Amino acid sequence: MAKRNVSTRGRLESGAPNPVDVHVGGRMRLRRTLLGMSQEKLGEAIGLTFQQVQKYERGANRIGASRLFDLSRVLDVPVSYFFDDMADQVQAQSPVNIIKGSVGLSEEPATFEADPMTKRETLELVRAYYNITDPQVRKRVYELAKALAAVAGTE
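What counts and how
Residues numbered from 1 in each chain as written. Predicted model: local features only at pLDDT ≥ 70, side-chain atom pairs only at ≥ 80, totals over all residues. Heavy atoms only, no water. Helix = DSSP H or I, 4+ residues; strand = E, 2+ residues; numbered from the N terminus. pLDDT = per-residue confidence, 0-100. Contact = heavy atoms within 4.5 Å. Core = buried A, V, L, I, M, F, W, Y, C linked by side-chain atoms within 4.5 Å. Buried < 20%, exposed > 50% of the residue type's maximum accessible area, 1.4 Å probe, protein only. Phe/Tyr/Trp six-rings, centres within 6.5 Å; stacked < 30°, edge-to-face > 60°. Lys NZ or Arg CZ within 6 Å of the ring centre and 35° of its normal. Salt bridge = Lys/Arg side-chain N within 4 Å of Asp/Glu carboxyl O. Axes fitted to C-alpha atoms, helices over the stretch in contact; angles between N-to-C directions. Parallel < 35°, antiparallel > 145°, perpendicular 65-115°, else oblique. Nonpolar A, V, L, I, M, F, W, Y, C, P; charged D, E, K, R; others polar. Left-handed = near helix turned anticlockwise from the far one by under 90°.

Novice: Talk me through the environment of Gly26; I want residue IDs and the actual numbers.
Specialist: Along the chain, Gly26 falls in helix H1 (residues 19–34). The sequence separation of Gly26 and Phe82 amounts to 56 residues, and the corresponding C-alpha distance is 8.4 Å.

The following block contains the structure:
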């Protein structure tokens, strides 16, 4: 029986990026967007082009430890931030689990429902909300949003 040639680069057998890399890239995009920073500005801060930042954010390119350290400093978060809120299904598809056979190599990655906290609309809403400097106005906007959500939930 021929031995399978398993890449240690972390990609799935289908060639798709590893879900762990996709998660880390998504957390990077989330933080960058919350800070109102463009891909170009982030790239300049860490010596990359915006295209390289895009690849990191999609999980197409893996982020090495030294680059992750630089990103944590520029984005003002601990390195652990990039791994926060990782689903169990994603953790199970880490490269070591794939190599050891804990995950079937032909298994397709689990599909996940998009987290509303990673949507651009949510991030822009949060940023706009925090740009309201008057605490009373901010409180009214918050109460209005809650009331609208309650009405929408009853329809």
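Novice: Tell me about the confidence of the model for the protein, and please be specific about residues and values.
Specialist: Mean pLDDT over the protein works out to 80, with 74% of the residues at or above the 70 mark. When pLDDT is averaged over each element of the protein, helix H2 (residues 39–46) comes out on top at 95 and helix H6 (residues 95–100) at the bottom at 62. Here residues 1–8 scores under 50 on pLDDT; set against residues more than four positions off or in separate chains, the count is seven contacts. Low pLDDT (under 50) marks residues 103–110, which in the prediction has 15 contacts with non-local residues, meaning those over four places away or in another chain.

Novice: Account for the nonpolar core, with residues named and values stated.
Specialist: Met28, Leu42, Ile63, Leu71, Leu75 and Phe82 are the most contacted members of the largest nonpolar core, which totals 17 residues. For this core, the element with the most residues is H1, which contributes three residues.

Novice: With reference to specific residues and values, describe the packing of aromatic side chains.
Specialist: As enumerated under the stated definition, the model contains two aromatic pairs in all. Across from the ring centre of Tyr81, 4.0 Å away, lies the NZ or CZ of Arg27, which sits over that ring. When the ring centre of Tyr129 is taken as origin, the NZ or CZ atom of Arg138, which lies over that ring, is 5.4 Å away.

Novice: Which residues make up the pattern of salt bridges, and what are the values?
Specialist: In the structure shown here, the tally under the stated rule is four salt bridges. Here Asp21 ties to Arg62 by a salt bridge, and the two come within 2.9 Å at their closest N and O atoms. Taken together, the residues Asp21 in helix H1 and Arg62 in the loop between helix H3 (50–58) and helix H4 (65–74) connect sequence positions 41 residues apart. Given a relative accessible area of 12%, Asp21 falls into the buried group. Judged by relative accessible area, Arg62 falls into the partly exposed class, the value being 34%. With a closest N to O distance of 2.5 Å, Arg32 and Glu57 form a salt bridge. Separated by 25 residues along the polypeptide, Arg32 in helix H1 and Glu57 in helix H3 bring together distant segments of the chain. Grouping residues by exposure puts Arg32 and Glu57 together as buried. A cluster of three or more residues bridged by salt bridges with shared partners is formed by Arg27, Asp84 and Asp85.

Novice: Account for the packing of H2 against H3, naming residues and giving values.
Specialist: Packing of H2 against H3 leaves a shortest axis separation of 8 Å and a crossing angle of 100°. Judged by the angle between their axes, H2 and H3 are roughly perpendicular. Facing Gln39, Glu40, Leu42 and Gly43 of H2, the residues of H3 in contact are Phe50, Val53, Gln54 and Glu57. Across the contact of H2 with H3, the residue classes break down as three nonpolar, three polar and two charged.

Novice: Break down the packing of H2 against H4 for me, citing the residues and quoting the values.
Specialist: Helix-helix packing is characterised by the crossing angle of the two axes and by the distance between the axes. One can describe the packing of H2 onto H4 by two numbers: an axis separation of 10 Å at closest approach and a directional angle of 120°. In this view, H2 runs oblique relative to H4, as classed from their interaxial angle. Once H2 is placed against H4, the crossing between them reads as right-handed. Residues Leu42, Ala45 and Ile46 of H2 pack against Arg67, Asp70, Leu71 and Val74 of H4. Residues of the contact of H2 with H4, tallied by class, amount to five nonpolar, no polar and two charged.

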